[in-house]
Each structure stands twice: as structure tokens, then as C-alpha cells.
Amino acid sequence: AKRRGRNRAVAYRPAFDATLSRRLQLIHQLRDALERDEFELAFQPQVAADGEIAALEALVRWRHPARGLLLPAEFIAVCEDSGLIVELGRRILRDAVWCQRRLAAAGFGHIRIAVNVSAAQFTDDLYDDVAQALHGRPLADGGLDLELTERVIMDSPAHAIELMQRLAGLGVSFSIDDFGTGYSSLAYLKRFPIQRLKIDRSFVQDLGQDASDAAICQSIISLARALDLHTVAEGVETEQQRDWLRERGCEELQGYLWGKPQPFETLLPALQHGRWG
Ligand code: C2E
Ligand code: CA
Ligand code: CA
Ligand code: CA
């Protein structure tokens, strides 16, 4: 909504009401969707230098009865603001753990499942949610990777470190998502129990055309190396981007070059039939 000073507020009210009512409607629909179990996960591989899959990132989708398959951009923000993300996040964790167990049963236990975690989920309850998802049966070490943004962990760093250490005790590993877009204090970065930095797609996009993006990617890779962390680049779409990143030692790559996110039920057979590695 536009805001051009106090005297204009009345003129914009109707639009505001319409937006608010649409939001309330969406929250209502999201509650029903949770009840009806309309959310599902799509997975996208994180590919190591040798072409093997190192991880699968779980990305949530909403199978809307009328509108078809909806991407997170359509509903995640409202889930976060309304608090529904906590319950949705629990289901996602449970599904992710289940998929990792199926991977392990099929001989792919070394492939971790990466799960995105929103700020609203990153409370002490997250420990209980992960423990509950594991159901007393731990995964292979690092089999569950939580992707946290800088914003999420820098909000209250000391508390974040403590929570992450407890989660690490459950075998969880951590990646910093969208790295470079936030405001991480470098001094703090080394105090977090993290394994990976994910280079945001916005920096990968123009590699080759934009000198400053190349400089940013290079410095993230160097920084990670100095801190003994791995780098994962997201949004890799071209062979040029792939080669540029690999030549500079980025350990894992993810993007449409290897395919769009897909259901676990199609990914697992692809793995088993050796389409990968
Ligand atoms: P993200 O964590 O940065 O995830 C990467 C997004 O980039 C995904 O969009 C993915 O499908 C897309 N992507 C992957 N490769 C490429 C590529 O080569 N080119 C382009 N243009 N895009 C690519 P998606 O699935 O729409 O997810 C959007 C965002 O929604 C995610 O950004 C993440 O912040 C959030 N999200 C997704 N799933 C979950 C979830 O289960 N829980 C939470 N809390 N947030 C989620
Ligand atoms: Ca992510
Ligand atoms: Ca993200
Ligand atoms: Ca991103």
C-alpha cells in the first residue's frame, strides 16, 4: 500500500481492507490446508564436484485443490506472520526425516536432507520438534541439515549458538542460507557451529557478466575456506556458472542446471537407476 502522508490514509483504506480480508481468508485456507494435509515437499539436489549428490533440499509446496501446485512465495510469508509456520515446519521436519530414512534404507544414507527454518520456528521448541521428528532414532551424523539465514541467527547470537549446539547433539548440521544478503558479523560467524555457507542465487546469477558478483562469490569461498566451512552455490543454471564456481573450489552446487525441485518419489528411482553418479 502506498503511503503519501497522513491525509491520504483515508483514500487508501478500501484497498487496505481488501488486502487485510484477503490475508485473513488466506490464513483460514492455510489452516484448512494443514488439516487436509495439502502440503508436500519437492527436493533439489546439491551436487558435489564429482557429480555425486551430497544433499537434497526440501522445498515446500501447497497442492491447492483449485489453484494447483503453489510455490512458497504465495503462502510462506503469511504462514510466518500468522505463526502457522510452526505447525507446518513440524510436518516438514517429520517428512524430511522420513525421506532421509528411506534414502538410508536404499543405500543412500550419506545424502543429507536440508530443511529451511524460518525465524518463527527458531526457538527452544525447535529442539523438541526435531527430537520428536527423529522419534528416538538418530540419523547418520549430519543427515539432517538445517538452513538458517543470517537474520535468523544474528537476532540473538548467544541464544542461537546455544540452541544450535543442542541440536548438533541430535546429529543436526547447519548451513547459512542466502549468505551475503544479510549482515553477519564476521567476528560472530566463527562462533556458530555451522558447516556450510550457501551463496545466494542473486550473486550466482550474473557470474561472468558482473565483476562485482564474481568478487563477492570469490570472497565468500575464501572466507569459508579460512573458517573451515564448505560453500554451496544456489541457483546455478549454466555450465559457465558451474565451471566458474568449481574452478574456485565451491564444494557443492545446486540449481536448474541439474533440474527443478521434484517429488521424492521420482528422485529416489532416479538415484537407484544410477542417473546420478
Ligand atoms: P531458498 O531457501 O533460497 O530456496 C531456493 C529457491 O530457489 C527455491 O525456490 C528453488 O526452487 C529456487 N531455485 C533453485 N534453483 C534455481 C535456479 O537455478 N534458478 C532459479 N531461478 N531458482 C532456483 P522455492 O522453492 O520457490 O522457495 C522459495 C523460498 O521459500 C526458499 O528460498 C525458502 O526461503 C522458502 N522455503 C521453501 N521451502 C521452505 C520450507 O519448507 N520452510 C521454510 N521455512 N521456508 C521454505
Ligand atoms: Ca534454502
Ligand atoms: Ca531462504
Ligand atoms: Ca536464496
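Residues numbered from 1 in each chain as written. Chains lettered and ligands numbered in written order. Predicted model: local features only at pLDDT ≥ 70, side-chain atom pairs only at ≥ 80, totals over all residues. Heavy atoms only, no water.

An unreviewed UniProt entry lists the protein under the name EAL domain-containing protein, from Lysobacter korlensis.

Draft legend 1. View of the coordination of the calcium ion (ligand 4). Taken together, the protein ligands of the calcium ion (ligand 4) are Asp178 (OD), Asp200 (OD), Glu234 (OE) and Glu234 (OE), with distances of 1.9 to 3.2 Å. Each donor residue of the calcium ion (ligand 4) lies on the same chain, and together they follow the pattern D-x21-D-x33-E. Taken as a pair, the calcium ion (ligand 4) and the calcium ion (ligand 2) lie 5.7 Å from each other. With aspartate 200 in the loop between strand 7 (196-199) and helix 8 (201-204) and glutamate 234 in the loop between strand 8 (230-233) and helix 10 (239-247), this pair connects stretches of sequence that are 34 residues apart. Look at aspartate 200 and you get buried, because its relative accessible area is 11%. (Donors = N, O, S within 2.8 Å, 3.2 Å for Na, K, Ca; no water. Helix = DSSP H or I, 4+ residues; strand = E, 2+ residues; numbered from the N terminus. Buried < 20%, exposed > 50% of the residue type's maximum accessible area, 1.4 Å probe, protein only.)

Draft legend 2. Quick peek at the side chain of glutamate 147. Among the secondary structure elements, glutamate 147 is positioned in strand 5 (residues 144-149). Given a relative accessible area of 1%, glutamate 147 falls into the buried group. Side chain to side chain, glutamate 147 and glutamine 46 meet in a polar contact 3.2 Å long. Aside from chain neighbours lying at most four places away, what touches glutamate 147 is Gln46, Glu57, Ala114, Val115, Asn116, Val117, Ser175, Asp177 and Lys198. (Polar contact = N/O pair within 3.5 Å; in protein donor to acceptor, adjacent residues only side chain to side chain. Contact = heavy atoms within 4.5 Å.)

Draft legend 3. Structural view of the layout of surface pockets. For the largest pocket, the calculated volume is near 1200 Å³. Every residue lining the largest pocket is counted, 40 residues in all, and those nearest its centre are Glu57, Leu59, Pro72, Asn116 and Asp177. Of all elements in the fold, only strand 2 (53-64), helix 2 (76-82), helix 3 (84-105), strand 4 (112-116), strand 5, helix 5 (150-154) and strand 6 (172-179) reach the threshold of two or more residues within the lining of the largest pocket. For the lining of the largest pocket, the element with the highest residue contribution is strand 2, accounting for five residues. The residue makeup of the lining of the largest pocket, split by class, is 17 nonpolar, ten polar and 13 charged. Of the voids in this model, the second largest pocket is the one considered here, and its volume is about 250 Å³. In terms of lining residues, the second largest pocket is bounded by 16 residues, among which Glu40, Leu41, Ala42, Pro263 and Phe264 are the most central. At the level of elements, strand 1 (39-48), strand 2, helix 3 and helix 11 (264-272) are the ones that each hand at least two residues to the lining of the second largest pocket. Per-class residue counts for the lining of the second largest pocket are ten nonpolar, one polar and five charged. (1 Å grid on protein atoms, 1.4 Å probe; cavity = no way out; pocket = protein on both sides within 12 Å on 5 of 7 lines; lining within 4 Å. Points joined across faces, edges and corners; volume = space filled by probe spheres on them. Nonpolar A, V, L, I, M, F, W, Y, C, P; charged D, E, K, R; others polar.)

Draft legend 4. Just the environment of aspartate 145, in detail. Here aspartate 145 lies in strand 5. Relative accessible area serves as the criterion here: at 0%, aspartate 145 is assigned to the buried category. For aspartate 145, the residues in contact, after removing those within four places along its chain, are Arg112, Ile113, Ala114, Val115, Ser173, Phe174, Ser175 and Arg196.

Draft legend 5. Just the pairing of strand 4, in detail. A large share of strand 4 lies buried, amounting to four of its five residues. Relative to strand 4, strand 2 is paired through four bridges, and the arrangement is parallel. Looking at strand 4, one finds that leucine 56 is bridged to isoleucine 113. For strand 4 and strand 5, the ladder comprises four bridges, and the chain directions are parallel. (Pairing = 2+ DSSP bridges.)

Draft legend 6. Structural context of the nonpolar core. Counting 79 residues, the largest nonpolar core has Phe75, Leu146 and Leu245 as its most contacted members. If you tally residues by element for this core, the top one is helix 3, at nine residues. Discounting residues that sit within four places of it in the chain, leucine 245 has contacts with Ile199, Val204, Leu207, Ile221, Ala233, Val236, Cys250 and Leu253. (Core = buried A, V, L, I, M, F, W, Y, C linked by side-chain atoms within 4.5 Å.)

Draft legend 7. Here's a closer look at the environment of phenylalanine 203. Its location among the elements puts phenylalanine 203 in helix 8. In this structure, the C-alpha to C-alpha distance between phenylalanine 203 and arginine 22, residues 181 residues apart in sequence, is 34 Å.

Draft legend 8. View of the side chain of arginine 101. Inspection of the secondary structure assignment puts arginine 101 in helix 3. Buried charged residue arginine 101 carries no salt bridge. Nearest counter-charge: aspartate 95, at 11 Å. Once residues lying within four places of it in the same chain are set aside, the contact partners of arginine 101 are Ala133, Leu134, Arg137, Pro138 and Leu139. (Lys, Arg positive; Asp, Glu negative; His and termini not counted. Salt bridge = Lys/Arg side-chain N within 4 Å of Asp/Glu carboxyl O.)

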